Amino acid sequence: MNGTINPADIAIIGAGMAGASLAAEIGAAARVVLIEGEDQPGYHSTGRSAAFWSESYGGPAVQPLTTASFAYLAEQGVLSERRAVHLAGPSGSAAIEVLIRDYGAAVQLDRLDAEQMAALVPRLRGGRGGGLSEPSCKDIDVAGLHAHYLGRAKRTGVQLLTDARVSALRRNGDIWRIQTRAGAIDAPIVVNAAGAWASEIAAMAGAQPIVIQPYRRTVIQLEVDPPASSDMPLVMDADETFYFKPEAGGRIWLSPHDETLTTACDAAPEELDVAIAIDRFEKVVDWRVVRRERAWAGLRSFSPDRRPVYGFDHRAPGFFWFAGQGGFGIQTAPAAAMIGAALLLRRALPDAVRHIDTALYDPARFERS
Ligand SMILES: Cc1cc2nc3c(=O)[nH]c(=O)nc-3n(C[C@H](O)[C@H](O)[C@H](O)COP(=O)(O)OP(=O)(O)OC[C@H]3O[C@@H](n4cnc5c(N)ncnc54)[C@H](O)[C@@H]3O)c2cc1C
């Protein structure tokens, strides 16, 4: 594409889960261009997740988004049964009590003693006491959900531009001129769904300088002996030093729960994080690690208070934030996109998210503090 696409009503920067889901929600109501810097959407965080839906993950302000997303995810057939088990740490159960305090009223969390724990987690070594069961936890078919949103967006007429990295934004009167590698686009509204690059995009627009900080997280696929049973739960250390779950072919997906401060980049795993993860895994279960088959890393990007940022900027006119999806951007995508669409189109919230207090996610909170 060369020259200018004119006119578009809304230009969304970033075609990961955030941008794709929002494009699908608004495509029927506006002329939308979805701009992606890579040659394939989903290359960054969206293509690297651990693919689970857990209502107790991400903080109490994220839980309503996760819970409200369930019906849509179930309807698309992208969820499958998993269950999570939260293991008390060797030093005691303080972290378990925090989970109950923060989520107990909204999420089913059943206390487990050491014996029940051993029945759920094969070859669990002793010394860790009990924990919690979270029966509602599911696996998500992330690629399926992303493809669903891209397909829905396309059917409503959204134009997807790939290989079109945005390099500059300029406001001329009521219109943004969006300069991309593939040409310029004019639109009165620009949406910042650029994941780890969200602060960079905001700086281009002279918007609020909200720091959306990327952190690297690593996942390793292991062949183990005996093979992992497919009905095993997602096992999470309540002290947040690892999690693992079964994968196809008896494999394990394991993460050291790392959270390494980084710049926005094409994240790659570091050997030390891989070694730490395997060491923690071998200390907690008595399984032989036969082979490390592959490892990858991705970026989880957070706002300063770790809540996502949805809403119009309070400095730059026509600049809309849809960023800071942290480690929960897949499991919250349906509710986030419904809220984002309502705010963007200045419509009432749909029933599925009407009870959610969207002020929690308003970029205005960072103007006040
Ligand atoms: C290891 C790991 C495990 C995770 N596990 C889970 C999980 O189990 N469940 C869950 O819900 N979430 C999980 N997450 C979080 C989830 O993956 C993210 O929250 C989600 O993918 C964020 O989506 P996004 O669209 O905001 O970002 P991205 O997928 O990174 O998309 C942003 C897009 O913007 C594009 N872009 C950036 N700058 C520009 C520019 N200048 N011009 C054009 N395009 C641009 C990028 O190329 C990119 O494609 C995990 C993340 C990681 C890393």
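Here we summarise the structure given alongside this text. Numbers given to residues run from 1 along each chain, matching the order in which its sequence is written. Only residues with pLDDT of 70 or above have their local features reported here, since the model is predicted, and side-chain atom pairs are shown and tallied only from 80 upward, although totals for entire chains, interfaces and linings are computed over all residues. Only hydrogens and water are removed before side-chain values are computed, so all heavy atoms of the structure are retained for them.

Considering the overall build of the protein chain
Each helix and strand counted, the protein chain has nine helices and 22 strands in total. This radius of gyration counts C-alpha atoms alone. The globule rule is 2.2 Å times how many residues there are, raised to the power 0.38. At 21 Å, the protein chain has a C-alpha radius of gyration in line with the 21 Å of a compact globule built from 369 residues. For the protein chain, with 369 residues in total, the buried portion stands at 56%. By definition in these notes, contact holds between two residues if any of their heavy atoms fall within 4.5 Å. Residue pairs at least 24 apart in sequence account for 74% of intrachain contacts in the protein chain once pairs closer than 6 positions are excluded. Working note: accessible area of the protein chain is about 15,000 Å², and carbon and sulfur atoms make up 50% of it. Here the protein chain carries 37 positive and 43 negative side-chain charges, and the mean point of each set is 4 Å from the other. Starting at the N terminus, helices and strands are each numbered in turn, a helix being any DSSP run of H or I of at least four residues and a strand any DSSP run of E of at least two. The rule is simple: take the accessible area with a 1.4 Å probe, protein chains only, and divide by the maximum for that residue type; under 20% is buried, over 50% is exposed, in between is partly exposed. Each accessible area value is a Shrake-Rupley result obtained with a 1.4 Å probe; residue values ignore everything except the protein chains displayed when judging cover. Asp and Glu are treated as the negative residues and Lys and Arg as the positive ones, with His and the ends of the chain left uncounted. By convention, charge coordinates are those of NZ in Lys, CZ in Arg, CG in Asp, or CD in Glu.

Observations concerning the sheet that holds strand β3 (residues 32–35)
Note: two strands are recorded as paired if DSSP finds a minimum of 2 bridges between them. Sheet architecture is open: six strands sit in the order β10-β3-β2-β14-β22-β21, paired in mixed fashion. Each of the sheet's edge strands pairs with one partner strand only, and the pair in question is β10 (159–161) and β21 (309–312). For this sheet, the mean inter-axis angle between neighbouring strands, taken without regard to orientation, is 20°. Note that β3 and β10 share three bridges and pair parallel. Whenever a helix is involved, its axis is fitted only over the stretch in contact; in every case the axis is a line through C-alpha atoms, and angles between N-to-C directions fall within 0 to 180 degrees.

Section: the site of the ligand
Taken together, 37 residues are adjacent to the ligand, and E36, T46, V166, G326 and Q331 come closest. Under the rule applied, a polar contact is a pair of N or O atoms within 3.5 Å (in protein, one hydrogen donor and one hydrogen acceptor; residues adjacent in sequence only if both atoms are side-chain atoms). At a separation of 3.2 Å, an oxygen atom of the ligand approaches a polar backbone atom of S45. If you tally residues by element for the shell around the ligand, the top one is strand β20 (residues 288–302), at three residues. Taken together, the residues that form the shell around the ligand break down as 17 nonpolar, 14 polar and six charged. Each residue is tested against the molecule or strand, and it is near if at least one of its non-hydrogen atoms lies within 4 Å. Three classes are used: nonpolar for Ala, Val, Leu, Ile, Met, Phe, Trp, Tyr, Cys and Pro, charged for Asp, Glu, Lys and Arg, and polar for all others, with Gly counted as polar.

Details of the packing of aromatic side chains
A pair of aromatic rings is counted whenever rings of Phe, Tyr or Trp (Trp by its six-membered ring) have centres within 6.5 Å, and the orientation is called stacked for planes under 30 degrees apart, edge-to-face for over 60 and tilted otherwise. Per the counting criterion, the structure on display carries 15 aromatic pairs. Measuring from ring centre to ring centre gives 5.3 Å for Y310 and Y361, while their planes differ by 50°; the resulting arrangement is tilted. Of this pair, Y310 sits in strand β21 while Y361 is found in the loop between α8 (333–345) and α9 (365–368), placing the two residues 51 residues apart along the sequence. Feature note: the residues F242, F244, F281 and W287 constitute an aromatic cluster, connected by ring pairs. Over the ring of W197 we find R165, and its NZ or CZ is 5.4 Å from the ring centre. Charge-over-ring contacts are defined here by two conditions on Lys NZ or Arg CZ: a distance within 6 Å of the ring centre and an angle within 35 degrees of the ring normal.

A closer look at the side chain of S301
Topologically, S301 is positioned in strand β20. Non-local contacts of S301, meaning those with residues more than four positions away in its chain, are made with G195, A196, I212, Q213, P214, G324, Q325 and G326.

Considering the pattern of salt bridges
Salt bridge, as applied in this entry: a Lys or Arg side-chain nitrogen positioned within 4 Å of an Asp or Glu carboxyl oxygen. Counted by the stated rule, this structure contains 28 salt bridges. E259 serves as the salt-bridge partner of R300, at 2.9 Å between the closest nitrogen and oxygen. With R300 in strand β20 and E259 in the loop between β18 (251–255) and β19 (260–261), the pair connects residues that are 41 residues apart, well separated along the chain. By relative accessible area, E259 is classed as partly exposed at 32%. Of the charged contacts, one joins R307 and D305 as a salt bridge, the two residues approaching to 3.4 Å between their closest N and O atoms.

A few points about the nonpolar core
The nonpolar core is taken to be a set of buried Ala, Val, Leu, Ile, Met, Phe, Trp, Tyr and Cys residues, with the residues joined through side-chain atoms within 4.5 Å. Counting residues in each nonpolar core, the largest one holds 50 residues, and the members touching the most others are I10, I12, V191, F322 and L344. Ranked by the residues each element gives to this core, the list is headed by α8, at eight residues. Among all residues touching I12, those that are not within four sequence positions of it are G19, L22, A23, I26, V32, V33, L34, I35, V191 and A193. Counting 34 residues, the second-largest nonpolar core is a separate cluster that includes A11, W197, A207 and L299.

Focus on the pairing of strand β14 (residues 189–192)
The alternating pattern of β14 places I189 and V191 and V190 and N192 on opposite faces, both of which are buried. Of the strand pairs in this sheet, strand β2 (residues 10–13) and β14 are connected by four bridges, and their pairing is parallel. Across the sheet, residue I13 finds its bridge partner in β14, namely N192.

Here's the deal with helix α3 (residues 94–103)
For α3, the full list of buried residues reads A95, I96, L99 and Y103. Looking straight down α3, one finds its buried side chains confined to an arc of 105°; they lie on one side. Opposite the buried face of α3, by more than 90 degrees, sit the exposed residues A94 and R101. Those residues of α3 that are buried are in contact with α2 (63–75), β6 (84–87), β7 (110–112) and β8 (131–134). Directions pointing from the helix axis toward each C-beta atom define the arc.

Points about the sheet that holds strand β5 (residues 79–81)
Spatial ordering of the open sheet is given by β4-β9-β5, a layout of three strands whose pairing is antiparallel. Pairing within the sheet leaves two strands with one partner each, and these edge strands are β4 (52–53) and β5. The pairing of β4 with strand β9 (residues 138–140) spans two bridges and is classified as antiparallel. Looking at β9, one finds that W53 is bridged to K138.

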